[in-house]
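# Residue-level structural notes
Here is how the chains run, residue by residue.
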Amino acid sequence: MAVEGISPDWEFDRFDDGSQKIHAEVQLKNYGKFLEEYTSQLKGIEDALDESIGDVWDFTLDPIALQLLPYEQSSLLELIKTENKVLNKVITVYAALCCEIKKLKHEAETKFYTGLLYYGEGASHTSVVEGESQIQMGRFISFLQELSCFVTRCSEVVVNVVHQLASLYSSNKSATKIIESSGVHFQTVFEHLGELLSVLLTLDEIIDNHAALKDHWTMYKRLLKSVHHNPSKFSIQEEKLKPFEKLLLKLEGHILDGMIFQACVEQQFDALGEGVSVSKNSTFAEEFALNIRTIFTNVESKLGEPAEIDQRDKYVGVCGLFVLHFHIFRTVDKKLFKSLLDVCKKVPAVTLTGNIMWFTDTFLVAKVPAAAKMVDKKSLQGIRTQRDSFLQQKAQMLVKDVQSYYVFVTSWMMKMESILAKEKRTDKFAEDLSNRCTIFIQGILYAYSISTIIKTTMNLYMSMQKPMTKTSVKALCRLVELLKAVEHTFHRRAMVVADSVSHITQHLQYQALNSIATAKKRVISDKKYSEQRLDVLSALVLAENALNGPSTKERRLVVSLALSVGTQMKTFKDEELLPLQLVLKKLDLISELRERVKIQCDCSFLYWHRAVFPIYLDDAYDHAVDAARIHYMFSALRDCVPAMLHAKHLESCEQLLENYNLEIMDVFKEHLLDKLCKEIEKDLRLSVHTHLKLDDRNPFKVGMKDLAHFFYLKPIRFFNRFIDIKAYVTHYLDKTFYNLTTVALHDWATYSEMRNLATQRYGLVMTEAHLPSQTLEQGLDVLEIMRNIHVFVSRYLYNLNNQIFIERTSNNKHLNTINIRHIANSIRTHGTGIMNTTVNFTYQFLRKKFYIFSQFMYDEHIKSRLIKDIRFFREIKDQTDQKYPFERAEKFNRGIRKLGITPDGQSYLDQFRQLISQIGNAMGYVRMIRSGGLHCCSNAIRFVPDLEDIVNFEELVKEEGLSEETQKSARVLDSVLGDLTSNSAEGTEYFKKLVDVFAPEFRSTKNMHLRNFYMIVPPLTVNFAEHSISCKEKLNKKNKVGAAFTDDGFAMGVAYILKLLDQYQEFDSLHWLQAVREKYLREMKSMVKEQNVQATSQDEKLMQTMNLTQKRLDIYLQEFELLYFSLSSARIFFRADKTAAEENQEKKDKDEVSKTGNGDSSSSSSTDPSMK
C-alpha cells in the first residue's frame, strides 16, 4: 500500500549528483575509441584494396563499388505537387510517359539488342551438326515472343504520346483548353518520342542485317512442315501444331519482315468515335513540325563538333519523328527533308548498337517515298560517293587523330590527377567545383569523340566490306586504349569523384534555383492576373521544388517539363535563359557521370571486330616498350561479357562465353606468348653459345628488342583467370630445359647456365631440374642398353676387376664408361623390375649368338682340325708331360687364315674370338646389373636401423586404432621394406640361371660337335694375345683407331662356355698355361745365352734386335698370364671347382635335408638363393 502513496509527480532526476555526467563521458570515450578502431579497420581495408591486382580493375568484379546514381524514392504524384491541379495533371502525364519510354529503351538496350545480335554466335563448331540451327531457333522462339510483346507495347506508348500531345494542342475551337498552350513547347516529350522510335528502327536494322537469323528461321519452318506430315514421330499432338504455326506466322509478320518501325508509324492514330482527332489537328501538326525543327537545329549545330555528346542518337530520333509526322499528316517539309539529308555530309552513318550502321539517305528514301521523288538520283549518288571519300579521308587522318588525342587525353589525365589530389579550399570552393565540373565533362567529351571515331570507322569498313590497312588497325587499337584510359582514370579516382559529384550537383542546383528565383520574382511583381501567368508561376514553383532534392532522373525530367511551361511570356531574359539551360545540361551530365562514362567507354562492339586482335598483338610484341597497354585492350575485350549473358539461343550463355574465352586465349598464345617464349629461349641459347659465332648479334646492325618489359607487367585479368606472362614464359622454359636435359644429360651445365642468365637478364625465377641421383652419374641408360644389347656388347669392352665397361671407339675426344653407380642410378630411376627384363633380353641375345657359335663349331674345316688335334694330343701327351704343345696351337691359328679373311683382314678365328668376347660382355653386363641392383637396394635401405629386426608398421597402426588409409599405407610400407631387405640380403643368382637354361642343350648328344670346344681354346688364346698386344701398342700411336687396354669379355665368354659344356677338367688336362710359360721361358733363356755369346763380338745392331726380342717375349708372357688370371677369376663365378655330376649330387643332398626337416615353412626356403 505504501507504494501507491508515492506521488506521481515525484521526479527522481531533480536531484543531480553528477553521476549521469560521468556515465555520459564514459560512453563518449567508448564511442570515440570505437570510431578510432573502426577508422583504422577501414583504413586497413582501403590499403588492402588500394593496390589492385591488375593495372586495370575489373569493373564488374570490384570488391567494393560506389553507386553514385541517386534513386528516387518518391512517386511522380508526390513530386508534382502545386496548387495548380490542371498543370499537375499535364506534367504528371508527360512525365509518366517519358519515364515509360526510358524504361522501354533500357530494356531494349540491355536485353533485346544483345539477344538478337549474339544469335548464332558461339556455335561455330557445333553448327556443322545437322539440326543444330533448328534447335537454336527452337530455344529462341520464346525470346521472339517476348520481343513481339515489347514491340506491341512500344507502339501503344507511341500512340498514347501522340494522343496526349494532340489533346493539349487542339485546333478544335469549341473544345475547352486544358492549359494555354500557345507558348508552351514540350520539346522533352518529343525528344523522348524520338528515342522510342529509334529503338524500333534499331530492332529493324538488327534483324535486317542478321542473315543467320533468317536462314535458321527458314530451316525451322521447313522442319515444322515435316513435323506436320508425321506428328507421331515427334511425339507432338496435332491440335497443338496449328496454333503454334499461327503464332510463328504472326511473329514473322510482326518482327522478322523488317516492318517494326513501319507498322508503328502507319498505325491508326485517329481515335474512333469521340476520341482525339490527330491527323486533322492543324495546331498539333504545326507544333509537331516546330519541335522537329527546333530539335534538329540544336542537334545539327553540334554534330561533328568537339562538344558533341548524344546528338547523333537525337538525329536518328529526329528522322524517326519526321517519318512519323509524314505518316500522320501526309505533308512533307521539303526544306527540312533536304537539311536532314545534308547532314550525311558531316555524318555519313550512325552506329545504332554493336556493329549495326544506319544510313540516313537509305532510311528516308525508303520511309518517305513522297519526298524521295523530289530528290534527284544524282544527289543520292553524291551522298554515297561522299561516304566513300569520308572513309578514305578518315583512314588518312587516323594516325594524326591518334597523336592529337594522345596529347589531349594524357594532359586531361594529368589535370584530373592534379585537381583531385588538391585539398579543397573553403575560400575558393565554388571555383574549385566549377573547375572539377569542367574537367569531368571534358573527360566525357573526349570519350565520346574517340568512341565515335572507332565505331564509325570500324563499322563503316565492315558494312561497306572494304579492307583496312594495318596502320589503320593499329591506330584504332591505340584509340581503344585511350578510351579505356579515360574510363580507368575515372574509376581509379572513384572515391574523390564520388565526393566531388555530390558537391557539384548541389552547386549547379543552387545556380539553377537562383535564376528561377529571379524569374519568379518578376512574375510575382507583375500584378496582371491571368491563367497563363498562374500556370507559369506554378511551373516555376514546381521546378524549384524538384530542384530542392537529390538530382534524380525523375526530378530532372520534372524540371525540364516544368520549364517548358515556365519559360513562356518572357519570364526569363535571353541572357538568363541560356545560362540556365547550360546549367541544366551540366546537371544532367554530372548526375549521370558514372553511367555516361560507362556507356561512352563501352567497347563491346569489338566482339564483331575480333580480327584486329592478332594484328594488335603483333604490334604490341614489336613495340615491347609499351607492353603495359595490353591491360587496356583486355579491359576492352572484357566489355563483351555482360552483353553475352543475354544470349538465348544456346543451352546456356556459358557456352558462348567459353568459346569467346578460348578464342581470345588461343590468339593471345599464338601471337604473343608463344612468340615471346621462343624468342627468349633463342636469345638465351645464342647468349650461352656465343663462342660458336652462330650469327651476327650486333644490336647496331640487327636491332634489339628488349622483351623484359613484358615481365614487368602485372597479371592480366580476363574472365575468371589471371594471365601472368612472366609465369607462363618461366613455365615454358622450365619445361623445355627439363625435358631437353633428360634427353641429353651431358647438357645439364648448359641449361643451368641458361637458367641463371634468364634470372639475370629477365628476372625469371627458374626451377632447378632435380633429376634423380644428379645428372652426371646417369651414364647410358639401362633401358637404352637393354634395347640395343647387340650393339652394346660389340662397342664396349669389359674390365673384370673394376667392373666397368669402356667404349671401344668414339667420334668425340672422350670415351664413355659405364660402372656400377650408373647402373644403380638407372635402376633407381626405372625401378628394380627392370633387372629381370634385362636378363630376359640378354637370354634372347645369347640364343642368337650360340646359334652362330654352333654353326662355327660344326664347320667341316674346324671340326676336322679339332678332332685331329685331340687325337694328336692323346698320342703325344705322355711325351710332352701332359702339356699341349704351343706350336700346335700357333699352327692352328695360322692355318685358319688360309681358309680366307674378311676385307678388313680378319680370319675366321678372329671373328670367333669376337663372338666369344661378345658373349662374355653380355655376361659381364648381367653381373653389373646384379651389382647395381644390390647397390641401389643398399642405398635405399640405409636408413633402416637394423635389418635383422624390422618392426611391423601395420600392427603398430592397428594398435593405435588409426584410419583405414593409414593402415593401408603402413601395409605398403611393410611390403616395400620386406622387398628391400630380401633384395639387399640375397640378390638373384642370374649366372646360375643362365647356366641352367643353356647347359642341358649344350651337353645333349645332338650337339656332340660342341664337345671339341676345349681344344680350340689354346689357338683362341694365342689369337687373343696377339690381338690384345696390337691394341695396347696402338695406345701410344697418334692414330688410336682400334686401341684398347682391356677386353675381359673374352675370358668371361670362355669360362661361361666351358661351364655350359662342363669341360673345365678337359681344358685343365691340356695344362695350357704351363706349356705357354715353358715355351716363353725356354726362348728367353736361349736369348740370354745368345746375348752372352754376342756380347764379346760388340755388334750393337744385333744386340738391339736381341733386346727387342726379349722385351717382346716378356710382353707375350705377361699377356698370357693376365689372360690366365682373368680366366681363373671368371671361372669362380661359374663354380669351376665342381663338375656337373658333383653339382647334381649336391642338389640332391640339399633336397633330402629340406624334406627331413621339421616341415617348418621357414626351413623350406633354400639356402641357395638361386632356388628361389
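- Per an unreviewed UniProt entry, the chain carries the name WASH complex subunit 4 and comes from Acipenser oxyrinchus oxyrinchus.

## Focus: the overall build of the chain
- Secondary structure summary: the chain contains 45 helices and seven strands in total.
- Computed over C-alpha atoms, the radius of gyration of the chain comes to 51 Å, more than 25% over the 32 Å expected from 2.2 N^0.38 for 1172 residues, which places it beyond the range of a compact globule.
- Projected onto its principal axes, the C-alpha coordinates of the chain cover approximately 170 × 110 × 80 Å.
- Contacts in the chain between residues at least 24 apart in sequence constitute 79% of all its contacts with a sequence separation of at least 6.
- As presented, the chain carries roughly 62300 Å² of accessible surface, and 54% of it is formed by carbon and sulfur atoms.

## Section: the side chain of S907
- Among the structural elements, S907 can be located in the loop between helix 34 (886-897) and helix 35 (908-940).
- When neighbours within four sequence positions are excluded, S907 is seen to be in contact with I896, R897, G900, I901 and N1023.

## What about the pattern of salt bridges?
- For the coordinates displayed, the defined rule picks out 49 salt bridges.
- Residue R153 is joined to E156 by a salt bridge in which the shortest nitrogen-to-oxygen separation is 3.8 Å. You can see R153 and its partner E156 sitting in helix 4 (residues 132-168), three residues apart, about one turn around the helix.
- A salt bridge links K958 to E954; the nearest nitrogen and oxygen atoms lie 3.4 Å apart. Within this pair, K958 and its partner E954 are both found in helix 36 (residues 953-960), separated by four residues, close to a single helical turn.
- Look at K958 and you get partly exposed, because its relative accessible area is 47%.
- Here E954 falls in the buried class, since its relative accessible area comes to 17%.
- Taken together, the shared-partner salt bridges connect D310, R556, D588, E592 and R596 into one network.

## Description of the state of the cysteines
- Within this structure, the stated rule accounts for zero disulfides.
- Sulfur of C154: no disulfide; nearest cysteine sulfur belongs to C264 and is 7.8 Å away.
- Relative accessible area serves as the criterion here: at 0%, C154 is assigned to the buried category.
- Free of any disulfide, C640 has its nearest cysteine sulfur in C603, 8.4 Å distant.

## Some words on the packing of helix 3 (residues 85-117) against helix 4
- Remark: helix 3 packs on helix 4, axes separated minimally by 11 Å, with the N-to-C direction vectors making an angle of 155 degrees. Relative to helix 4, the element helix 3 lies roughly antiparallel. Of the two elements, helix 3 crosses helix 4, and the hand of that crossing is left-handed.
- Per-class residue counts for the contact of helix 3 with helix 4 are 18 nonpolar, three polar and five charged.

## What to know about the environment of H1009
- Topologically, H1009 is positioned in the loop between helix 38 (990-1003) and helix 39 (1013-1034).
- Taking the C-alpha atoms as reference, H1009 lies 110 Å from P306; in sequence the two are 703 residues apart.
- When near neighbours in sequence (up to four residues on either side) are disregarded, H1009 contacts S854, M857, Y858 and K863.

## Focus on the pairing of strand 1 (residues 350-353)
- Pairing geometry for strand 1 and strand 2 (residues 356-358), over three bridges, is antiparallel. Paired with V350 across the strands is W358, a residue of strand 2.

## Let's talk about unusual backbone geometry
- One non-glycine residue, Q465, adopts positive backbone phi at about 55 degrees.
- Counting through the fold element by element, Q465 comes out in the loop between helix 15 (429-463) and helix 16 (470-492).
- We note that D1062 has phi near 55 degrees; this positive angle belongs to a residue other than glycine.
- With respect to the helices and strands, D1062 occurs in the loop between helix 40 (1049-1061) and helix 41 (1064-1068).
- Its relative accessible area of 23% is what places D1062 among the partly exposed residues.

## Quick word on the nonpolar core
- Among the nonpolar cores identified, the biggest contains 232 residues, and F186, F668, F710 and I725 are the most heavily contacted of them.
- Looking at this core, the element that brings in the most residues is helix 4, giving 17 residues.
- Those residues in contact with F186 that sit more than four places away from it in its chain are V90, I91, Y94, L168, Y169, E287, N291, L561, S564 and V565.
- Counting 87 residues, the second largest nonpolar core, distinct from the first, contains M835, M857, I896 and A1075.

Conventions we followed
- Residues numbered from 1 in each chain as written.
- Predicted model: local features only at pLDDT ≥ 70, side-chain atom pairs only at ≥ 80, totals over all residues.
- Heavy atoms only, no water.
- Helix = DSSP H or I, 4+ residues; strand = E, 2+ residues; numbered from the N terminus.
- Rg over C-alpha atoms; globule rule 2.2 N^0.38 Å.
- Contact = heavy atoms within 4.5 Å.
- Areas by Shrake-Rupley, 256 points an atom, 1.4 Å probe, with all protein chains shown as cover.
- Salt bridge = Lys/Arg side-chain N within 4 Å of Asp/Glu carboxyl O.
- Buried < 20%, exposed > 50% of the residue type's maximum accessible area, 1.4 Å probe, protein only.
- Disulfide = S-S within 2.5 Å.
- Axes fitted to C-alpha atoms, helices over the stretch in contact; angles between N-to-C directions.
- Parallel < 35°, antiparallel > 145°, perpendicular 65-115°, else oblique.
- Left-handed = near helix turned anticlockwise from the far one by under 90°.
- Nonpolar A, V, L, I, M, F, W, Y, C, P; charged D, E, K, R; others polar.
- Pairing = 2+ DSSP bridges.
- Core = buried A, V, L, I, M, F, W, Y, C linked by side-chain atoms within 4.5 Å.

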